[in-house]
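Results of the structural survey
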Amino acid sequence: MSDTFEIFLSGTPGLEQVLRDEALEHGFAGAQAVPGGVQFEGGWVDVWRANLCLRGPTRVLARIGGFPVFHLAQLDKRARKFDWAAVLPKGAPLRVEVTCKRSKIYHDRAAKQRIETALKESFGATLGGEDALQLRARIEDNFCTFSLDTSGESLHKRGHKSAVGKAPMRETLAAMFLRQCGYTGTEPVLDPMCGSGTFVIEAAEIALGLAPGRSRSFAFEQFPGFDPAVWAALKASAQGRATDLRFFGSDRDAGAVTMATANAKRAGVDAIASFADHAVSDLNRPGGPPGLVIVNPPYGGRIGNKKLLYAIHGTLGQVLKERFSGWRAAIVTNEADLAHATGLPFLKPGPPIPHGGLKVKLYQTAPLP
Ligand SMILES: C[S@@+](CC[C@H](N)C(=O)[O-])C[C@H]1O[C@@H](n2cnc3c(N)ncnc32)[C@H](O)[C@@H]1O
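Residues numbered from 1 in each chain as written. Predicted model: local features only at pLDDT ≥ 70, side-chain atom pairs only at ≥ 80, totals over all residues. Heavy atoms only, no water.

So, on to the side chain of Arg63. With respect to the helices and strands, the residue Arg63 is situated in strand β4 (residues 59-68). You can call Arg63 buried: its relative accessible area is 13%. A polar atom in the side chain of Arg63 sits 2.3 Å from the side chain of Glu6. Of the polar contacts made by the side chain of Arg63, one reaches the side chain of Ser147; its length is 3.5 Å. (Helix = DSSP H or I, 4+ residues; strand = E, 2+ residues; numbered from the N terminus. Buried < 20%, exposed > 50% of the residue type's maximum accessible area, 1.4 Å probe, protein only. Polar contact = N/O pair within 3.5 Å; in protein donor to acceptor, adjacent residues only side chain to side chain.)

In structure tokens, the structure reads:
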């Protein structure tokens, strides 16, 4: 395998450009948005750094090689010859996923069976199990490309949250919405329906310059060629900075507030993030500079009933208009009517984004008058 190869950041469909901007900002030169993610050329240290530092990807895949293939016997033969030892640890359990498109080999299951048998017989691999490393084979236009999932558990699992409430937002998605709002960690953030605290904790981490992957482990730590000293140095160089900013969450559900407080503590942002137990109607503007209010209220068709939802959105809009002059507001919701029930002066909404079986959009305002 060569020193550089294609790295693919798999992301949330609809937010590819936002993810590309994040990758470019972190120095991943040549990052290009493609359907479902972002790709660029790099080496293993780039893979490790992408897993550690980027907030948007759900996983980082390394395209480790491939070959042309026109029939199953050829797939079997070429998969046996492939230099698995260069990229896979001996003895670690593997899970193989195969997709076929526009190719003479069109039967995913038969292709998977050939690759698995080749891995077992030529490399002594074991298959399956919960902690299995994932190998993806994509057979497209008669070319088989192998990718390794270098992340392991989905990257929205930062390793700090043991508790989540109803309809939590994934950290990766929350971070991309913050970025879509132009959030760079230089203003306070407030979420008046904070649930498990995702927006508030992500924003506080951004302000503190904390790497999102600082507390978890990754699949790549098992790969041959992994260098613990280089990895430790990478982690040490992503140490963070101090901030005077403050971050605020509130929710009318006391259990959510307890959960968000515990999650912030585990993330190490509790000195700058605080959570309070009250309804939106009792929300007051915090002291200090204006910033961003970002919130995903209960969804239509998911929790709560319609009439009540309109009333809650009306109250939210009224409170923000009356008490949050100079702050920007952003709402993530699946229904335009609910967003408009706030009466807030929204700019053009973002694209539809899949979230928990719904399509949600980001509605944001300029600083409120
Ligand atoms: C979709 S969830 C937010 C999830 C959150 N973003 C997270 O990542 O966990 C909506 C939240 O709004 C809260 N909520 C509903 N009505 C409210 C109100 N009138 N005032 C304050 N919070 C409210 C619910 O308790 C729930 O936690």
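Continuing now.
Let's shift gears to the site of the ligand. Close contacts around the ligand come from 20 residues, with Met169, Ser196, Thr198, Asp251 and Asn296 the closest. At a separation of 2.9 Å, an oxygen atom of the ligand approaches a polar backbone atom of Met169. Val280 is positioned such that a nitrogen or oxygen atom in its backbone is 3.0 Å from a nitrogen atom of the ligand. In isolation the ligand exposes 610 Å². Once the protein is present, 95% of that is buried. Counted by class, the shell around the ligand contains 11 nonpolar, five polar and four charged residues. (Near = heavy atom within 4 Å. Areas by Shrake-Rupley, 256 points an atom, 1.4 Å probe, with all protein chains shown as cover. Nonpolar A, V, L, I, M, F, W, Y, C, P; charged D, E, K, R; others polar.)

Following the criterion strictly, the structure yields 15 aromatic pairs and no others. When the centroid spacing of 5.2 Å and the interplanar angle of 70° are considered together, the rings of Trp48 and Phe226 count as edge-to-face. With Trp48 in helix α2 (residues 44-53) and Phe226 in the loop between α6 (198-208) and α7 (228-237), this residue pair connects regions lying 178 residues apart in the sequence. The same class applies to Trp48 as to Phe226, namely buried. (Phe/Tyr/Trp six-rings, centres within 6.5 Å; stacked < 30°, edge-to-face > 60°.)

On to the sheet that holds strand β13 (residues 328-333), then. Pairing is mixed in the open sheet, where seven strands are placed in the order β11-β10-β9-β12-β13-β15-β14. In this open sheet, the two edge strands, each paired with only one partner strand, are β11 (273-277) and β14 (353-355). Neighbour to neighbour, the strand axes of the sheet diverge by 25° on average, direction disregarded. Looking at chain direction, strand β9 (residues 189-191) and strand β12 (residues 292-295) are connected through two bridges and run parallel. Residue Val189 lies in a different strand from β12, and its bridge partner there is Leu292. Running at roughly 175° to strand β10 (residues 247-251), α6 makes contact with β9, β10, β11, β12 and β13 of the sheet. Against the sheet, helix α8 (residues 254-267) makes contact with β10 and β11, and its axis sits at roughly 170° relative to β11, the strand it touches most. (Pairing = 2+ DSSP bridges. Axes fitted to C-alpha atoms, helices over the stretch in contact; angles between N-to-C directions. Contact = heavy atoms within 4.5 Å.)

Their axes nearest at 11 Å, the elements α2 and α7 cross at an angle of 40°. As the angle between them shows, α2 and α7 are arranged oblique. In the crossing of α2 with α7, the sense of the turn from one axis to the other is right-handed. Of the residues in α7, those in contact with Val45, Trp48, Arg49 and Leu52 of α2 are Val230, Trp231, Leu234 and Lys235. (Parallel < 35°, antiparallel > 145°, perpendicular 65-115°, else oblique. Left-handed = near helix turned anticlockwise from the far one by under 90°.)

The next point concerns the domain arrangement of the protein. Domain assignment breaks the protein into domain 1 (5-149) and domain 2 (171-210 + 246-364). Centre-to-centre, using C-alpha coordinates, domain 1 lies 36 Å away from domain 2. Counting from both sides, the interface comprises 13 residues of domain 1 and, opposite them, 14 residues of domain 2. Carbon and sulfur atoms make up 63% of the surface buried where domain 1 meets domain 2, a total of about 1,100 Å² over both sides. It is Leu15, Val18 and Arg55 that lose the most area in domain 1 upon contact with domain 2, and together they represent 57% of the buried surface on that side. Counting across the domain 1 and domain 2 interface gives three salt bridges. With its nearest N and O atoms 2.9 Å apart, the salt bridge here joins Glu25 to Arg179. Our count for the domain 1 to domain 2 interface comes out at four residue pairs in polar contact (both at pLDDT 80 or more). When the residues that make up the side of domain 1 that touches domain 2 are grouped by side-chain class, the tally is five nonpolar, four polar and four charged. (Domains from an automatic or database assignment. Buried area = accessible area lost by both parts, 1.4 Å probe. Salt bridge = Lys/Arg side-chain N within 4 Å of Asp/Glu carboxyl O.)

Let us look at the pairing of strand β7 (residues 133-140). Two strands pair when backbone bridges link them, and strand β5 (residues 93-101) and β7 are joined in this way by eight bridges, in the parallel orientation. Bridge pairing links Leu94 to Leu133 in β7. Note that β7 and strand β8 (residues 143-149) share six bridges and pair antiparallel. The residue of β8 that forms the bridge with Ala137 is Phe146. Counted along the chain from β7 to the antiparallel partner β8, the turn is two residues long, and its residue Asp141 has a positive phi close to 50°.

Another aspect to go through is the pattern of salt bridges. Tallied over the entire structure, the rule returns 19 salt bridges. Two residues, Arg55 and Glu205, come together in a salt bridge whose shortest N-O distance is 3.1 Å. Of this pair, Arg55 sits in the loop between α2 and β4 while Glu205 sits in helix α6; the two residues are 150 residues apart in sequence, bridging distant segments of the chain. Taken individually, Arg55 and Glu205 each receive the classification buried, so the pair is uniform in this respect. Bridged by salt links that share partners, the residues Arg55, Arg158, Glu202, Glu205 and Arg214 form one connected network.

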